[in-house]
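Spelled out from the first residue to the last, the chains are:
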Amino acid sequence: MPRLAANLSMMFNELPFLDRFAAARKAGFEGVEFLFPYEFPAAELRRRLTGEGLTQALFNMPPGNWAGGERGLASLPGRQGEFREGVQRALEYAATLDCRLVHCMAGIVPDGVSQTTAAAVYAANLVWAAEQAAPAGVRIAIEPINHRDMPGFFLNTQAQGAAIVEAIGADRLGLQFDVYHVQVTEGDITKRMEKYMPVIAHMQIADVPARNEPGTGEIAWAYVFRRIDALGYGGWIGCEYRPKGETLAGLGWAKRYGIG
């Protein structure tokens, strides 16, 4: 049975961020994820996790200037120093939060930068990040993201992501398989899941087209969840969706699909 982690950046937005940990536990979640923890001291986040008996499943490395439209630094030429500082900061948080998986966003390739150049920078940065993370017991995750939500994002397909993981080493790098992004970009969800399961380190879910909770859109979730079980996936599944209404009111989907 899938292990669900509440994405606290997108769920329970009725509450201040630090109060969402307790809300997630009360709703039955045993794990959480979020985009970025850096606004809060790591020790305070650790206190919330421990107090609620929650596991930190995943969070993202610093993305650069998020408010200015940046979505990661890994493929951006000339930003290697800032990228490395972000890796170190993420690993410090990971140690305090006892989090074993950190997502490295590829970034939106700037105008005038070729895909070849971006690919070379991306590969070198990932190798460096993985070398820093491995001694700390942390694995780096990379996620293909669709061009509808993030135009110009460097990494788009599961095949691209899997090839990079295999080149660098699945012991140090893993694929973040987001069902929402897969459906928007490529479709054929469960066949891609079957093909790339050996390198999948984390999964996330949201329905298409509006990125709301499962059961609100076009995806056949009962079948998707059965295939996840049948394929033996044992990691966390992050609920990275925007609740259509109030978060608790929309959580009935889990029981409807036989989860929890």
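Only a predicted model underlies this, so the values are computations on that prediction, with no experimental measurement involved.

**Student:** Hey, could you go over the overall build of the chain for me, with residue numbers and the actual values?
**Tutor:** The helix and strand tally for the chain stands at nine helices and eight strands. Taken against the 2.2 N^0.38 rule, which gives 18 Å for 260 residues, the C-alpha radius of gyration of the chain at 17 Å falls within 12% of a compact globule. Its C-alpha atoms give the chain principal-axis dimensions of about 45 × 40 × 35 Å. Looking at the chain residue by residue over its 260 residues, the buried ones come to 53%. A separation threshold of at least 6 residues defines the contact pool for the chain, and within that pool the share at least 24 residues apart is 75%. As presented, the chain carries roughly 10800 Å² of accessible surface, and 51% of it is formed by carbon and sulfur atoms. Once the 25 positive and 28 negative side-chain charges of the chain are each reduced to a mean point, those two points are 4 Å apart.

**Student:** Run through helix H7 (residues 189-196), naming residues and quoting values.
**Tutor:** Inspection of H7 places Ile189, Thr190, Met193 and Tyr196 among the buried residues, and these make up the whole buried set. When H7 is viewed along its axis, its buried side chains cluster within an angular range of 140 degrees and face the same direction. Against the buried residues of H7 lie helix H5 (158-168), strand E6 (173-178), helix H6 (179-185), strand E7 (200-205) and helix H8 (221-230).

**Student:** Mind laying out the side chain of Arg211, listing which residues take part and the relevant values?
**Tutor:** Tracing the sequence through the fold places Arg211 in the loop between E7 and H8. According to the relative accessible area criterion, Arg211 is buried, its value standing at 9%. Engagement of the side chain of Arg211 in a polar contact is seen with the side chain of Glu240, the distance being 3.0 Å. Not counting residues within four places of it along the chain, the set of residues in contact with Arg211 comprises Met10, Asp149, Asp178, Tyr180, His181, Ala206, Glu240, Tyr241 and Arg242.

**Student:** Explain the packing of aromatic side chains to me, and be specific about the residues and the numbers.
**Tutor:** Counting across every chain of the model gives 14 aromatic pairs. Seen from their ring centres, Tyr122 and Phe154 are 5.1 Å apart, and the 65 degrees between their planes marks the pair as edge-to-face. Taken together, the residues span a long stretch of sequence, with Tyr122 in helix H4 (residues 115-133) and Phe154 in the loop between strand E5 (139-142) and H5 at a distance of 32 residues. Residues Tyr122 and Phe154 agree in their burial class; the two are buried. Both rings, one in Phe225 and one in Trp253, keep their centres 6.1 Å apart while their planes meet at 15 degrees; by these two values the pair is stacked.

**Student:** Just give me the short version of helix H2 (residues 42-52), but keep the residues and values in it.
**Tutor:** Think of an α-helix as turning once every 3.6 residues; residues three or four places apart then point the same way. Turning to H2, its buried residues number three or more, namely Ala42, Leu45 and Leu49. Angularly, the buried residues of H2 cover 65 degrees about the axis, an arc narrow enough to put them on a single face. More than 90 degrees from the buried face of H2, the exposed residues found are Ala43, Arg47, Thr50 and Gly51. Buried-residue contacts for H2 involve helix H1 (20-26), strand E2 (31-33), strand E3 (55-60) and helix H3 (80-97). Gly53 sits one or two positions beyond H2 and adopts a positive phi of about 65 degrees.

**Student:** Which residues make up the sheet that holds E7, and what values go with them?
**Tutor:** One closed barrel holds the eight strands; their spatial order is E1-E2-E3-E4-E5-E6-E7-E8, and the pairing between them is parallel. Pairs of neighbouring strands in the sheet enclose a mean axial angle of 30 degrees, with direction left out of account. Pairing of strand E4 (residues 101-103) with E5 involves three bridges; the strand directions are parallel. Following the sheet pairing, Val102 is matched in E5 by Ile140. Here H7 sits on the sheet and contacts E6 and E7; the angle it forms with E6, its principal contact strand, is near 170 degrees.

**Student:** Mind laying out the side chain of Glu33, listing which residues take part and the relevant values?
**Tutor:** Mapped onto the fold, Glu33 is located in strand E2. For Glu33, which is buried and forms no salt bridge, the nearest opposite charge comes from Arg211, at a distance of 7.8 Å. Those residues in contact with Glu33 that sit more than four places away from it in its chain are Ala5, Ala6, Asn7, Leu8, Ser9, Gln56, Leu58, His202, Gln204, Gly238, Cys239 and Glu240.

**Student:** Go over the pairing of strand E8 (residues 236-239) with me, naming the residues and quoting the values.
**Tutor:** Judged by which residues are buried, E8 turns out to be covered on both faces: Trp236 and Gly238 on one side and Ile237 and Cys239 on the other are all buried. Across four bridges, the pairing between strand E1 (residues 3-7) and E8 is parallel. Looking at E8, one finds that Ala5 is bridged to Gly238. In terms of strand pairing, E7 meets E8 through three bridges, oriented parallel. When the bridges of E8 are listed, Met203 appears paired with Ile237.

Scoring rules and cut-offs
- Residues numbered from 1 in each chain as written.
- Predicted model: local features only at pLDDT ≥ 70, side-chain atom pairs only at ≥ 80, totals over all residues.
- Heavy atoms only, no water.
- Helix = DSSP H or I, 4+ residues; strand = E, 2+ residues; numbered from the N terminus.
- Rg over C-alpha atoms; globule rule 2.2 N^0.38 Å.
- Buried < 20%, exposed > 50% of the residue type's maximum accessible area, 1.4 Å probe, protein only.
- Contact = heavy atoms within 4.5 Å.
- Areas by Shrake-Rupley, 256 points an atom, 1.4 Å probe, with all protein chains shown as cover.
- Lys, Arg positive; Asp, Glu negative; His and termini not counted.
- Charge placed at Lys NZ, Arg CZ, Asp CG, Glu CD.
- Arc of directions from axis to C-beta.
- Polar contact = N/O pair within 3.5 Å; in protein donor to acceptor, adjacent residues only side chain to side chain.
- Phe/Tyr/Trp six-rings, centres within 6.5 Å; stacked < 30°, edge-to-face > 60°.
- Pairing = 2+ DSSP bridges.
- Axes fitted to C-alpha atoms, helices over the stretch in contact; angles between N-to-C directions.
- Salt bridge = Lys/Arg side-chain N within 4 Å of Asp/Glu carboxyl O.

Any functional reading would require information that these geometric values do not contain.
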